[in-house]
Amino acid sequence: MINVVADVEVSGGHWIGGERVASAATFDDVSPIDEAVIARISRGGATEAHAAVSAAAASSPAWASTPPTERARLLHRVADIVEDRLERLAIVETIDNGALLRSHLRGVMPRVAHNFRFFADYLVNDLHHPDFETRGHHNHVSWDPSGVAVLITPWNAPLMLATWKVAPALAAGCTVVLKPAEWTPLTASLLADITKDAGIPDGVFNVVQGLGEEVGDALTGDPRVSRISFTGSVPTARLIARSAAANLTPCSFELGGKSPFIVFADADMDSAVANAVEQYDNAGQVCLAGVRLLVEDAVLDEFVERFLARAAAVRQGDPRDLATDVGPQISREHFERVDGFVRRAVTAGAEALLGGGPNEQLGGLYYRPTLLAGAAPGAEILTDEVFGPVLTVQSFSTEDEAIAMANGTEFGLAGVLFTGDRARAERVSAQLVAGTMWVNCFFVRDLRAPFGGSRHSGVGREGGTWSFDFYCDVKNTCTNVDRWTT
Ligand code: NAD
């Protein structure tokens, strides 16, 4: 089952044990750009899930005992091919998920390659703990591959988020079954081709396509699976946790957010405003976005005025156009969900200072970048994740009030803080509940850093050593060094 998307051939089949496998049932893959069907994809179920875990389990011993330097070499080879095929991956991803081609070319696909290079190098150069002595006994810490990792990923940054898991799992010596989101199945399929061409042995990397509710349980409830890493929504995480509980399979969850973006009166206002407008990136479909603008009342009017002036220059349109800043929402269903949030907020008394509805000129799934003011404390628009181009603005008068407002949701993914006062930055950062704090900046990512969310934004951390801690069985070997006979 071969689809052709922007002149690129993309298999609609699964990738199991080094072979393309088709299911009798299929589903349509729709582009958010114009809602056209662009591909037919195999609709997997328990049978395909079982086959993929079987392939991963069968290849696990050999991959786990492959020397780290050889695993690293193969992962660098994957990165080389990603770089060779960067334009193809970028255009297919743009057509599949509607995110900007500009971003895919300049930032996202280079980061995909970097994911592989980073974890390959980390495995070889950085993954160690100093040995230590205990009363004549020698302690050595090692990271043993845990077995089969099931990786389940969302649609908002498909290949980037998938490889953020695939790369460390493979580096760690796990074999992998990847289940990409059904709204964006294409680049996972292209990654399967890349792993084959790179020489990754059959069965080490597998892809099962399908609808989460049809294929998910068979993957997450399989007793042969040693790790589950999931990025997606809170309700799905609950289902996965329930399924994994039967086998006590460890889970890493990277979930939703409703992050605060705090601006104090002493902040560099140019930078604060520019970064605030950037929260419309990826049409607001970014888990980390600082969507609640909390602005000190002394500068509220100035901030809003400058925000609106800058946001007026944001260009919405076809994401393939390199001049476009904001593209469409992922799907009709998601578009309606975003619009529902905005309508209910306005009905409940909020005012749209910007946007507030679909982009009538463009039609389709284009939702206007929106800024809402005047929402009542506790309103759903201030507490629930919208995951669209919708920001709210509120004012505060004291530092304590800002902290209370910032922490006032059930999430804790990120916090963004703009202030010129270093002591204040340290005080406020220390008190915010968040896996990542950005002070006077936004979206600066280093793969050595721990990444994850607190509260309902996630369980566990990935990145650097934390990724290896998750995908491996970490072992301490304590040896009495006086007992050697040879
Ligand atoms: P989702 O939970 O609907 O789906 C995510 C994945 O889970 C998909 O592959 C889906 O097919 C699969 N799935 C669905 N039901 C399943 C089940 N019962 N068992 C196993 N798998 C199942 O989420 P989404 O709408 O694709 O993604 C958006 C969400 O992801 C938002 O909440 C966003 O904040 C979050 N997200 C978080 C991060 C992060 O790093 N914290 C990054 C990106 C997105």
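Rules used throughout
- Residues numbered from 1 in each chain as written.
- Predicted model: local features only at pLDDT ≥ 70, side-chain atom pairs only at ≥ 80, totals over all residues.
- Domains from an automatic or database assignment.
- Contact = placed C-beta atoms within 7 Å.
- Helix = DSSP H or I, 4+ residues; strand = E, 2+ residues; numbered from the N terminus.
- Nonpolar A, V, L, I, M, F, W, Y, C, P; charged D, E, K, R; others polar.
- Near = placed C-beta within 6 Å.
- Pairing = 2+ DSSP bridges.
- Axes fitted to C-alpha atoms, helices over the stretch in contact; angles between N-to-C directions.
- Parallel < 35°, antiparallel > 145°, perpendicular 65-115°, else oblique.
- Left-handed = near helix turned anticlockwise from the far one by under 90°.

## Re the domain arrangement of the chain
- Once the domains are mapped, the chain shows domain 1 (2–255 + 457–476) and domain 2 (259–439).
- Look at where the C-alpha atoms of domain 1 and domain 2 centre, and you get two points 31 Å apart.
- Domain 1 puts 18 residues into the contact, and the matching count from domain 2 is 20 residues.
- At the level of elements, α3 (86–97) and α4 (101–126) are the ones that each hand at least two residues to the side of domain 1 that touches domain 2.
- Of the residues belonging to the side of domain 1 that touches domain 2, the class tally is eight nonpolar, six polar and four charged.

## Let's talk about the site of the ligand
- Looking at the ligand, there are 31 residues lining it, with Pro 154, Gly 212, Gly 216, Gly 232 and Thr 236 nearest.
- Mapped onto the shell around the ligand, the elements with two or more residues apiece are α7 (212–220) and α8 (234–245).
- Broken down by element, the shell around the ligand gets its largest block of residues, five residues, from α7.
- When the residues that make up the shell around the ligand are grouped by side-chain class, the tally is twelve nonpolar, 13 polar and six charged.
- Mapped onto the domain boundaries, the shell around the ligand takes at least three residues apiece from domain 1 (2–255 + 457–476) and domain 2 (259–439).

## Let's talk about the pairing of strand β1 (residues 2–5)
- Taken together, the four bridges between β1 and strand β2 (residues 8–11) define a ladder with antiparallel strand orientation. Following the sheet pairing, Ile 2 is matched in β2 by Ser 11.
- Between β1 and β2, which pair antiparallel in sequence order, lie two residues; one of them, Ala 6, sits at a positive phi of approximately 50°.

## What about the sheet that holds strand β22 (residues 472–480)?
- Pairing in this open sheet of three strands is antiparallel, and the strands run β7-β8-β22 from one edge to the other. Looking at which strands have only one partner, the edges of the open sheet turn out to be β7 (132–134) and β22. Taking each pair of neighbouring strands and ignoring which way they run, the sheet shows an average axis angle of 35°.
- Here β7 pairs with strand β8 (residues 137–145) via three bridges, running antiparallel.

## Digging into the packing of helix α9 (residues 269–277) against helix α10 (residues 300–311)
- Closest axis-to-axis distance for the α9/α10 pair is 9 Å, and the angle between their directions is 50°. With respect to their mutual orientation, α9 and α10 come out oblique. Viewed along their axes, α9 and α10 form a crossing whose handedness is right-handed. Along the contact surface, α9 presents Met 269, Val 273, Ala 274, Ala 276 and Val 277, while α10 presents Glu 302, Phe 303, Arg 306, Phe 307, Arg 310 and Ala 311.
- Counted by class, the contact of α9 with α10 contains eight nonpolar, no polar and three charged residues.

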